[in-house]
Amino acid sequence: LALLGAGVGPGDEVITVSHTFIACANAIRQTGGVPVLVDIEPDTFNIDPLAVEAAITPKTKALLVVHQMGMPADLARLLPLARRHGLAVVEDAACAVGSEIHIDGAWQRIGAPHGDVACFSLHPRKVITVGDGGMLTTRQADYDKRFRLWRQHGMSVPDTVRHASNQVIFESYPVIGFNYRMTDLQAAVGREQLKRLPGIVARRREIAGTYARLIAERAPEAEPPHEPAWARSNWQSYCVRLPSWARQREVMQHMLDRGVATRRG
């Protein structure tokens with residue numbers, strides 16, 4: 001929905017990052033667009049602004065920025081670049097609820113949004129969850145209007161308006177829509193989860209600090225993730241780079257035998 005709101009259609013190129021989940025490329029393809037994959041910066045695992053600039057063509061319509069594993073991408077460099085080329089910016093903030101970035105002289109939450117629209121996931125493995133599904137944030141009234149229309153089959157009058165009216169109202173379906181509604185029960189859970197978010201993020205940042213200290217003391221050959229001075233990650237995932245001589249599967253099995261789940265990068 002975010003990409004459609006940004007006007008992406010058949011043949012349009014959308015630049016995104018190669019090191020991410022398949023959903024990014026799928027969403028672009030589902031609009032008829034063409035994913036253009038660029039590389040990451042090795043320290044943050046986030047999209048490289050220099051690679052983005054090199055990939056822009058006359059067919060480029062939008063930039064899909066992933067805040068990978070909860071670590072904010074370098075929006076201070078990416079947003080001016082997108083504006084210079086007239087590109088829409090969609091933030092894939094699936095992992096980044098509660099993360100912060102220092103931009104325009106102040107600390108701000110990811111999802112303000114800083115681009116045109118930000119997309120969050122409420123999947124069970126995320127920092128907060130309602131079971132599954134997600135949410136969008138946008139500052140643009142025209143985006144908001146389209147999202148509310150598309151998410152409910154393209155229905156011109158929401159059912160809540162019809163049910164609350166003291167007059168008979170007939171709806172129409174002027175555009176092709178989707179079924180992306182969240183249930184009221186999920187929304188109620190989500191509102192309570194949002195109240196807990198600051199404490200959840202604070203605890204995760206505390207745990208990440210413990211990881212960094214223990215890695216430095218006991219496994220100095222491993223490289224912990226890097227958090228730039230302008231970023232505060234929610235540490236949705238904690239990604240450790242192994243030395244070249246390490247056997248990844250054996251390390252993972254060693255941790256699993258001790259009750260610690262891991263995934264390969």
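Throughout what follows, the structure given in this document is the object of discussion. Nothing here was measured: the structure is a model prediction, and the numbers come from that model.

## Description of the pairing of strand β6 (residues 106-109)
- By the bridge criterion, four bridges tie strand β5 (residues 100-103) to β6 in an arrangement that is antiparallel. Counted as the bridge partner of I101 is Q108 from β6.
- Adjacent in sequence and paired antiparallel, β5 and β6 are bridged by two residues, among which D104 carries a positive phi angle near 55 degrees.

## Some remarks on the side chain of S233
- Position of S233 among the secondary structure elements: in the loop between β9 (231-232) and α8 (248-256).
- By relative accessible area, which is 1% here, S233 ends up buried.
- Polar contacts involving the side chain of S233 include one to the main-chain carbonyl oxygen of G70, which spans 3.4 Å.
- Residues in contact with S233, not counting those within four places in the same chain, are M69, G70, M71, P72, S99, R205 and E227.

## Things to note about the pattern of salt bridges
- Under the counting rule described, the total for this entry stands at 14 salt bridges.
- Between R109 and E100 there is a salt bridge, and its shortest N-O distance comes to 3.7 Å.
- Overall, the relative accessible area of 19% leaves E100 in the buried class.
- Of the charged contacts in the structure, one is a salt bridge between E223 and R241, with a shortest N-O distance of 3.7 Å. Taken together, the residues E223 in the loop between α7 (184-218) and β9 and R241 in the loop between β9 and α8 connect sequence positions 18 residues apart.
- A residue is classified by how much of its surface remains accessible, and E223, at 41% relative accessible area, is partly exposed.

## With respect to unusual backbone geometry
- With omega at -15 degrees, the peptide bond leading from A112 into P113 counts as cis.
- By secondary structure assignment, the location of P113 is in the loop between β6 and β7 (117-121).
- Backbone geometry places M69, a non-glycine residue, at a positive phi of 60 degrees.
- Here M69 shows up in the loop between β3 (60-66) and α4 (75-84).
- Assessed through its relative accessible area of 15%, M69 is described here as buried.
- One non-glycine residue, H153, lies in positive phi territory at about 65 degrees.
- Summarising the element assignment, H153 is placed in the loop between α5 (141-150) and α6 (159-164).
- Owing to a relative accessible area of 35%, H153 belongs among the partly exposed residues under this scheme.

## Digging into the sheet that holds strand β1 (residues 13-17)
- In space, the six strands of this open sheet follow the order β2-β1-β3-β4-β7-β8, with mixed pairing throughout. With partners counted over all chains shown, the strands left at the sheet margins are β2 (34-38) and β8 (134-138), one partner each. On average, each strand axis in the sheet is inclined to that of its neighbour by 25 degrees, with strand direction left out of account.
- Across five bridges, the pairing between β1 and β2 is parallel. Paired with V14 across the bridge in β2 is P35.
- Together, β1, β2, β3 and β4 (88-92) form the strand contacts of helix α2 (residues 23-30), whose direction differs from that of β2 by roughly 150 degrees.

## Some points on the nonpolar core
- Formed by 54 residues in total, the largest nonpolar core has its most connected members in I15, I47, V52, V65 and V90.
- Apart from the residues lying within four places of it in its own chain, the contact partners of V65 are I47, A73, L75, L78, V89, V90, E91 and D92.

## Some details on the state of the cysteines
- On inspection of all chains with the given rule, the structure shows zero disulfides.
- Not engaged in a disulfide, the cysteine C119 finds its nearest cysteine sulfur in C24; these two sulfurs lie 9.2 Å apart.
- Distance from the sulfur of C239, which forms no disulfide, to the nearest cysteine sulfur (C95) is 12 Å.
- Residue class for C239 comes out buried when judged on its relative accessible area of 17%.

## Here's the deal with α4
- Every buried residue of α4 is listed here: L75, L78, L79, L81 and A82. Angularly, the buried residues of α4 cover 165 degrees about the axis, an arc narrow enough to put them on a single face. Within α4, the exposed residues directed more than 90 degrees away from the buried face are R83 and R84.
- The inward-facing, buried residues of α4 abut α3 (49-55), β3, β4 and β5.
- Phi turns positive, to about 65 degrees, at G86, one or two residues after α4.

Conventions and cut-offs
- Residues numbered from 1 in each chain as written.
- Predicted model: local features only at pLDDT ≥ 70, side-chain atom pairs only at ≥ 80, totals over all residues.
- Heavy atoms only, no water.
- Pairing = 2+ DSSP bridges.
- Helix = DSSP H or I, 4+ residues; strand = E, 2+ residues; numbered from the N terminus.
- Buried < 20%, exposed > 50% of the residue type's maximum accessible area, 1.4 Å probe, protein only.
- Polar contact = N/O pair within 3.5 Å; in protein donor to acceptor, adjacent residues only side chain to side chain.
- Contact = heavy atoms within 4.5 Å.
- Salt bridge = Lys/Arg side-chain N within 4 Å of Asp/Glu carboxyl O.
- Axes fitted to C-alpha atoms, helices over the stretch in contact; angles between N-to-C directions.
- Core = buried A, V, L, I, M, F, W, Y, C linked by side-chain atoms within 4.5 Å.
- Disulfide = S-S within 2.5 Å.
- Arc of directions from axis to C-beta.

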